[in-house]
Amino acid sequence: MKKYLKIVLAISFVASIIGTFVFLYKKSQPVTVTYNEHKPVTGTISKTTVITGNIEPRDEVSVKPQISGIITELFKQAGESVAAGEVIAKVKVIPDMGQLSSAESRVRKAEITLEQAKTDFRRDEALHNKQLISDDAFDKTRQALRNAKEEMQAATDAYEIVRDGVSKSNASASSTLIRSTITGIILDIPVKVGNTVVLSNTFNDGTTIATVANMNDIIFRGNIDETEVGTLQKGMEMKIRIGALKDVEYIASLEYVSPKAKEQNGAKQFEIKAAVDVNKGNTIRAGYSATAEIILATARNVLTLPESTIEYSGDSTFVYLVKGKGEEKTYEKTYVETGLSDGLNIEIRKGLKKTDTVRGTEITGQ
């Protein structure tokens, strides 16, 4: 048994020595280094930036009541279409007791005045028929009766409006019926039946009954960094992608760049707005998250190289020109003037010809 153990140990020792020599031999062999090679090609370089933002309707209108009261009926709900003038809700008036008392008093005074005017008219009419008073005096009495009737009607209308929010004479324009002021989509109805609402005045913004917007007129709103804002111009085309709508791309036109920056996370940001062409047949909802791709600059028909072939030294850029062939191949460091870059390829303005070959990335082998 001991004899076999000695043999195994001897073989293992010899194998380790041989392995060590093989490893050292391989390490001592020269490593052959090769490189990818590239020729300048004519192409187009575009510098783009991607902005995150949101989709919003250009205008959102808050529909508010013209009177204070309680919601008794809702005829619409969020998401439904509504036309300008269409009724959204109905309000029951809670009359102000002071105003109601004044309106009642006005009606009583108007009744007294009307009764007196009728009495005067009947008396003067009889006298006029007997030619005991002049036509001018009778006309004044008749005019007084007309004025009394008009005041009675006005007092009654005012009383009914204070009490009910609408009078019989203007029922078609009832302020108890809350109507949409524009045609669009109802984005939100923040009230429920039974809620108290108040009209807008100097001291109160009023209760919003509904928010309505035209979803065929939408904009993209986002922020761009100060390092890129200088290249923007109104009318520039943007590609809009909405996260909730896969594989759908919209075209937008830049129409606003904020003249003042806002600081966000330590960086200066400028707000932008772009009109979005929504003629795609998709339903777009307010508040969708979206990204906008803008082409900031374009260089057409220029010499280009992969940016990985460029060596940077301070403000200067260099490439390595391939000289010779086979074992005599060498690489000559050459200054080039570069231009626009898209992150993968870069514009070569000076220093190279189309016939030149440039060293690329390293490929290591034996």
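The structure under discussion appears in the preceding block.
Values in this document were obtained by computation on a predicted structure and should not be read as measured data. (Residues numbered from 1 in each chain as written. Predicted model: local features only at pLDDT ≥ 70, side-chain atom pairs only at ≥ 80, totals over all residues. Heavy atoms only, no water.)

Student: Just checking my understanding: could you explain the overall build of the protein chain for this structure?
Tutor: Within the protein chain, the regular secondary structure consists of four helices and 21 strands. A buried classification covers 31% of the 366 residues belonging to the protein chain. Long-range contacts, defined as pairs at least 24 residues apart, comprise 72% of the intrachain contacts of the protein chain with a sequence gap of at least 6. In the form shown here, the protein chain has an accessible surface area of approximately 23,200 Å², with 51% of it arising from carbon and sulfur atoms. (Helix = DSSP H or I, 4+ residues; strand = E, 2+ residues; numbered from the N terminus. Buried < 20%, exposed > 50% of the residue type's maximum accessible area, 1.4 Å probe, protein only. Contact = heavy atoms within 4.5 Å. Areas by Shrake-Rupley, 256 points an atom, 1.4 Å probe, with all protein chains shown as cover.)

Student: Would you mind going over the sheet that holds strand β9 (residues 196–197) with me for this structure?
Tutor: As a general point, the strands of a sheet are linked pairwise by backbone hydrogen bonds and lie either parallel or antiparallel. Strand order across the open sheet formed by four strands is β7-β6-β4-β9, with antiparallel pairing between neighbours. Since the sheet does not close on itself, it has two edges, and those belong to β7 (177–179) and β9, each with one partner. Summarising the sheet, strand β4 (residues 69–74) and β9 pair through two bridges and their orientation is antiparallel. Each residue of the ladder has a partner; that of Ile-70, found in β9, is Thr-196. (Pairing = 2+ DSSP bridges.)

Student: How do you make sense of the pairing of strand β13 (residues 249–257) when you look at a structure like this?
Tutor: On a regular strand, each side chain points to the face opposite its neighbour's, so the side chains alternate between the two faces of the sheet. Of the pairings in the sheet, the one linking strand β12 (residues 237–242) to β13 comprises five bridges and is antiparallel in character. Within β13, the residue paired with Met-238 across the bridge is Ala-252. The pairing of β13 with strand β15 (residues 267–276) spans five bridges and is classified as antiparallel. If you follow Ser-253 over to β15, its bridge partner there is Ala-275.

Student: Sorry, what's going on with the pattern of salt bridges here?
Tutor: Any two side chains of opposite charge can pair if their charged atoms end up close together. Applying the stated criterion to the full structure yields 17 salt bridges. The salt bridge partner of Arg-123 is Asp-124, with a shortest N-O separation of 3.4 Å. Overall, Arg-123 belongs to the partly exposed group, its relative accessible area being 44%. When the shortest N-O distance is used, the salt bridge between Lys-333 and Glu-311 registers 3.1 Å. Taken as a pair, Lys-333 in strand β19 (residues 330–341) and Glu-311 in strand β17 (residues 311–313) lie far apart in primary sequence, 22 residues in all. Owing to a relative accessible area of 42%, Lys-333 belongs among the partly exposed residues under this scheme. The exposure class of Glu-311 is partly exposed, given its relative accessible area of 28%. Linked by salt bridges that have partners in common, Glu-56, Arg-221 and Glu-271 make up one network. (Salt bridge = Lys/Arg side-chain N within 4 Å of Asp/Glu carboxyl O.)

Student: Whenever I open this one, the sheet that holds strand β3 (residues 60–63) confuses me. Can you help?
Tutor: One open sheet accounts for four strands, arranged β3-β10-β8-β5; its pairing is antiparallel. The sheet is open, and its two edges are formed by β3 and β5 (81–82), each paired on a single side. Bridge count between strand β8 (residues 184–188) and strand β10 (residues 210–213): three bridges; the pairing is antiparallel. Across the sheet, Asp-188 pairs through a bridge with Thr-211, a residue of β10.

Student: I would appreciate a short explanation of the environment of Ala-210 in the present structure.
Tutor: Looking at the element boundaries, Ala-210 is found in strand β10. Take Ala-210: its relative accessible area is 0%, and that puts it in the buried class. Separated by 122 residues in sequence, Ala-210 and Ile-88 place their C-alpha atoms 7.9 Å apart. Excluding anything up to four places from it in sequence, Ala-210 contacts Val-61, Ser-62, Val-63, Ile-88, Ile-186, Asp-188, Ile-189 and Pro-190.

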